[in-house]
Amino acid sequence: MRTPSWAGKRVANATMKSTRKKISIVTPCFNEEAGIAECVAAVADIFRNELPDYDLEHIFCDNASTDRTLSILKELARANRSIKIIVNSRNFGILKNTYNGVLHASGDAVVLFLPADLQDPPALIPQFVKLWEQGYEIVYGLRSERDEDFLVRTARKLYYRLLSKLTYVEYPPDAGDFQLVDRKVHDAMRRIDDAQPFMRMMTFESGFRSIGVKYRWLARKHGKSHNRWSHMFEQGLNGIISFSGAPVRVALIAGLLISLLSILYAIGVVVFVLLGRIHSPAGIPTLIAALFFFGGVQIFFVGILGEYILAIYNQVRRRPLVVERELVNFDDPTGDVPNDKP
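How each quantity is defined
Residues numbered from 1 in each chain as written. Predicted model: local features only at pLDDT ≥ 70, side-chain atom pairs only at ≥ 80, totals over all residues. Heavy atoms only, no water. Helix = DSSP H or I, 4+ residues; strand = E, 2+ residues; numbered from the N terminus. Buried < 20%, exposed > 50% of the residue type's maximum accessible area, 1.4 Å probe, protein only. Contact = heavy atoms within 4.5 Å. Areas by Shrake-Rupley, 256 points an atom, 1.4 Å probe, with all protein chains shown as cover. Core = buried A, V, L, I, M, F, W, Y, C linked by side-chain atoms within 4.5 Å. Pairing = 2+ DSSP bridges. Axes fitted to C-alpha atoms, helices over the stretch in contact; angles between N-to-C directions. Parallel < 35°, antiparallel > 145°, perpendicular 65-115°, else oblique. Left-handed = near helix turned anticlockwise from the far one by under 90°. Patch = residues over 30% accessible without salt bridge, like charges linked within 9 Å, V, L, I, M, F, W, Y side chains within 5 Å. Salt bridge = Lys/Arg side-chain N within 4 Å of Asp/Glu carboxyl O. Phe/Tyr/Trp six-rings, centres within 6.5 Å; stacked < 30°, edge-to-face > 60°. Lys NZ or Arg CZ within 6 Å of the ring centre and 35° of its normal.

Visitor: Go over the overall build of the protein chain, please, and point to the residues and values.
Guide: Each helix and strand counted, the protein chain has 11 helices and eight strands in total. Every one of the 342 residues in the protein chain was classed for burial, and the buried ones make up 43%. Summarising the internal contacts of the protein chain: among those between residues at least 6 apart in sequence, 84% fall at separations of at least 24. For the protein chain, the exposed area adds up to about 18,800 Å²; of that, 61% sits on carbon and sulfur atoms.

The following block contains the structure:
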């Protein structure tokens, strides 16, 4: 029997649809009403004009905004189901908020972080996709230039170079969270059970082929950054603690050196007292020597205990990332993130 022409077209369309790849883009937001619509439009234009053969999943993670950010997003999402929204019950911080959005991504490749203020330019996404199609599982942006104050720019550069030296992961110092990763990398990241995720390092920890793309990190077009110095300090400390045992080992070595120096000092004090070179009330030299000695010993043992605590901490921390209040345009209304962890 001859197959109807309409049936053949339906099969062809289904085949074509099944071969299309999906790109997920994660955008965290908190009080971004001035620029959120511009972010949506910029990404949509890029996929319409430069990436027409790819499906788009644009996930917005709202960290309990107090302005019109959420209402604007919901209005846009009603007309476009490629826009998905995760609404948190409170502000959980940018690191947890962004990583929770990444866990919800379902694309063949995932742009881990695209800021709502477009400081990381979405115009680079087609280049990221092209390199991904060439076989690179991790395509990361390198912030070779930064449009920000000298003090902040210098502090960032110094910190990330220090982190690159201290960590056991091969990490390019100027790489940020603006990365496109293959589904294999995304799956590997999902297996990391970390209540304090430092996402830009997770990708490099997972391995796979990677390549960097240099770009200029732009100044904000709307409003001011909500990431204050105290937040940046906390995030930076989290990065060092999560991917380096150097601070604990420095404490251990410092304690050992102080202990040795205090012993040498105590021996020297005893010798000079016996030779009559030191004239002081009885017991004072011994007290000073004992103070330095036991202070060094305490630091030494705190360093040893820190090594064990660090290992236990990395193994057993299992707090939830965020508490979600609402999901918009997700197929699973419960919002459960599949657990790929062993």
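Visitor: Please set out the nonpolar core residue by residue, giving values where relevant.
Guide: Residues Tyr99, Leu112 and Met189 are the most contacted members of the largest nonpolar core, which totals 30 residues. Within the residue set of this core, elements represented by two or more residues are strand E2 (54-62), helix H4 (94-104), strand E5 (138-146), strand E6 (175-182), helix H7 (183-190) and helix H8 (199-206). Of all hydrophobic cores here, the second largest spans 23 residues; its members include Leu51, Trp132, Val139 and Phe178.

Visitor: Which residues make up the sheet that holds strand E7 (residues 210-217), and what values do they have?
Guide: Taken together, the eight strands give an open sheet; going across it, the order is E7-E5-E6-E4-E1-E2-E3-E8, and neighbouring strands pair in mixed fashion. The two strands at the open ends of the sheet, each matched to only one other strand, are E7 and strand E8 (324-328). If you compare each strand with its neighbour and ignore which way they point, the axes differ by 20° on average. With three bridges joining them, strand E1 (residues 21-29) and strand E4 (residues 109-111) adopt parallel strand pairing. From the neighbouring strand, Ser24 faces E4, where its bridge partner is Val110.

Visitor: Any details on the packing of H7 against H8? Residues and values, ideally.
Guide: The interhelical angle for the contact between H7 and H8, taken along N-to-C directions, is 110°, at an axis separation of 9 Å. Viewed along their axes, H7 and H8 adopt a mutual orientation that is roughly perpendicular. Every pair of crossing elements has a handedness; the one defined by H7 and H8 is right-handed. Where H7 approaches H8, its residues Val185, Ala188 and Met189 are matched on the opposing element by Met199, Met202, Thr203 and Ser206.

Visitor: Please provide a residue-by-residue account of a nonpolar patch on the surface, values included.
Guide: A cluster of nonpolar side chains, contributed by Ile253, Leu256, Leu257, Leu260, Leu261, Ile263, Leu264, Ile267, Val271 and Leu275, occupies part of the molecular surface with about 950 Å² of accessible area. Summarising the element assignment, Leu257 is placed in helix H10 (residues 246-274). The exposure class assigned to Leu257 is partly exposed, which follows from its relative accessible area of 48%.

Visitor: So, the packing of aromatic side chains: which residues are in play, and what are the values?
Guide: Tallied over the entire structure, the rule returns three aromatic pairs. Ring geometry for Phe128 versus Phe178: centroids 5.0 Å apart, planes at 40°, classification tilted. Taken together, the residues span a long stretch of sequence, with Phe128 in helix H5 (residues 125-133) and Phe178 in strand E6 at a distance of 50 residues. Judged by relative accessible area, Phe178 falls into the buried class, the value being 0%. Seen from their ring centres, Tyr140 and Phe204 are 5.1 Å apart, and the 70° between their planes marks the pair as edge-to-face. Pair noted here: Tyr140 is in strand E5 and Phe204 is in helix H8, with a separation of 64 residues, a long-range link. Residue Tyr140 shares its accessibility class with Phe204, and that shared class is buried. Three or more aromatic residues link up through ring pairs in this structure, and these residues are Phe128, Phe178 and Tyr215. The cationic tip of Lys21 hangs over the ring face of Trp132; the distance from NZ or CZ to the ring centre is 5.0 Å. Its end group placed over the ring of Tyr136, Arg209 keeps NZ or CZ at 4.5 Å from the ring centre.

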